[in-house]
Amino acid sequence: MLFFLFILAQILLVILWVYAIYARPIHSLNQDIALFLTGVQSESNLKGNTLNNEMNFVIDFFVKSLEILKNFKDEIRSGRVLKGEVEIASELQRHILQKDTMIIPSLEIAMGAKAATEVWGDSYDLIQGKDHNYYIYLGDVTGHGVASGFVMMIVNSLIAGLSLYNYSSAEILASTNAILKPRIRKNMMMSAVMIRWNEKMRKLYYTGAGHEYILVYRKATDDIIKIKTGGVALGMVKDISKILTEKEIPFSVGDVIILYTDGISEARLRSEKTGMLFSVDRIIEAIEKVQIKTAENIFNSITIDLSAFMGYKHTQYDDISLIVARYQPEWGDTVQNAYEKIPEGAITEWNWDSARTGG
């Protein structure tokens, strides 16, 4: 009888030893993994201090693996929050660019923008000011992405507000810069060009702030001229009021003015990083071949040529914006998609994010 009890005790000790060495650590590890996966517990309380060195190694391995998964999970969660914020910024910008187009009675206007990423660095607007003045501006923030997008929204709001109280386009851009400069990073800048059209006098003026050329088609001579905008970019120096000047551009019935960002002129052939640039010359060629030079026809011609130049499965390296305006008295008051009349199949994987035609 005593011998039987002794054997039973030995068996129980072996079972307890096996449980303590193998079963309990595995059970505890299984619980920790389950709690982690369900989100109840974010960290493991297990320690590799059992009597079995091999089991200690296994526990340490899984504890470190859970720590890595926790960090990865936190990064994914943070990434989702960031992605959500980027989507909100993108939606705000789309609302800004796709608002109802301002009607300018004697100007036919076609304009569009296409972002390289979720958030724009380009900005444009049509604004009705005082004393029969209308303003058209186009800007391009250095780089693209979230930081550039916020600068774009700041400038868009400032110009919209300042245009209601100022007269000269030079004054509007200089005042915008004075407010903007102290509030952005030193390496952030925005090139811009602003047109002032006086509807009563039927005269056109412009102010450049370090932007691309202005292109003007003259109907009387059937030629295209390049105007260097001059000035300095917004955000470069604190006070640019003495640098910016407003100049008149002779503008007759049937004449057309073309504004664009360097996303067009510096687009790469077949999207190759070392490929040749689309260039200002190709923009001019796209204008020249249009037989009936309406704003919409010129806008569409540039779109088609740029699309063919970039090619199928293209990579867009920079934001793209284009504004075309033609002097046509009593043009009308209709607003529609600028690219509605582009023939199907004439462009390669192309679509403007925002594009309008209007008076």
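Residues numbered from 1 in each chain as written. Predicted model: local features only at pLDDT ≥ 70, side-chain atom pairs only at ≥ 80, totals over all residues. Heavy atoms only, no water.

Asks: When you look at the packing of helix α6 (residues 279-288) against helix α7 (residues 295-310) in this model, what are you seeing that I'm missing?
Replies: At a minimum axis separation of 8 Å, α6 and α7 run at an interaxial angle of 130°. Of the possible angle classes, the one that applies to α6 and α7 is oblique. When you trace α6 past α7, the crossing you get is right-handed. Residues R282, I283, A286 and I287 of α6 form the contact with α7, whose participating residues are I298, S301, I302, D305 and F309. A per-class count over the contact of α6 with α7 returns 6 nonpolar, 1 polar and 2 charged. (Axes fitted to C-alpha atoms, helices over the stretch in contact; angles between N-to-C directions. Helix = DSSP H or I, 4+ residues; strand = E, 2+ residues; numbered from the N terminus. Parallel < 35°, antiparallel > 145°, perpendicular 65-115°, else oblique. Left-handed = near helix turned anticlockwise from the far one by under 90°. Contact = heavy atoms within 4.5 Å. Nonpolar A, V, L, I, M, F, W, Y, C, P; charged D, E, K, R; others polar.)

Asks: Sorry, what's going on with the pattern of salt bridges here?
Replies: Where charged atoms from two side chains of opposite charge come close, those side chains can pair. Scanning the entire structure with this criterion turns up 5 salt bridges. Salt-bridge contacts for E108 lead to R326; the nearest nitrogen and oxygen are separated by 2.8 Å. Of this pair, E108 sits in strand β1 (residues 107-114) while R326 sits in strand β10 (residues 320-327), and the two are 218 residues apart along the sequence. Considered together, E108 and R326 belong to a single accessibility category, that of buried residues. Two residues, E246 and R196, come together in a salt bridge whose shortest N-O distance is 2.8 Å. Of the two residues, E246 is situated in the loop between β7 (223-227) and β8 (247-249) and R196 in strand β4 (residues 190-198); the sequence distance between them amounts to 50 residues. For E246, a relative accessible area of 24% gives the class partly exposed. (Salt bridge = Lys/Arg side-chain N within 4 Å of Asp/Glu carboxyl O. Buried < 20%, exposed > 50% of the residue type's maximum accessible area, 1.4 Å probe, protein only.)

Asks: Explanation requested: the packing of helix α3 (residues 146-162) against helix α4 (residues 169-180) in the structure shown.
Replies: Any two packed helices are characterised by the angle at which their axes cross and by the distance between the axes. Axis separation between α3 and α4 bottoms out at 10 Å; the angle between their running directions is 135°. Put simply, α3 runs oblique to α4. As for how α3 packs across α4, the hand of that crossing is right-handed. Taken together, the residues of α4 that come into contact with α3 (itself represented by V151, I154, V155, L158, I159 and L162) are I172, L173, S175, T176, I179 and L180. A per-class count over the contact of α3 with α4 returns 10 nonpolar, 2 polar and no charged.

Asks: Sorry if this is basic, but what is going on with α3 here?
Replies: In an α-helix, one full turn covers 3.6 residues, which means residues spaced three or four apart are oriented alike. For α3, with 17 residues, the first-to-last C-alpha span of 24 Å sits near the 24 Å given by 1.5 Å per residue. Within α3 the residues assigned to the buried category are S148, G149, V151, M152, M153, V155, N156, L158, I159 and L162. (Expected span 1.5 Å × (residues − 1).)

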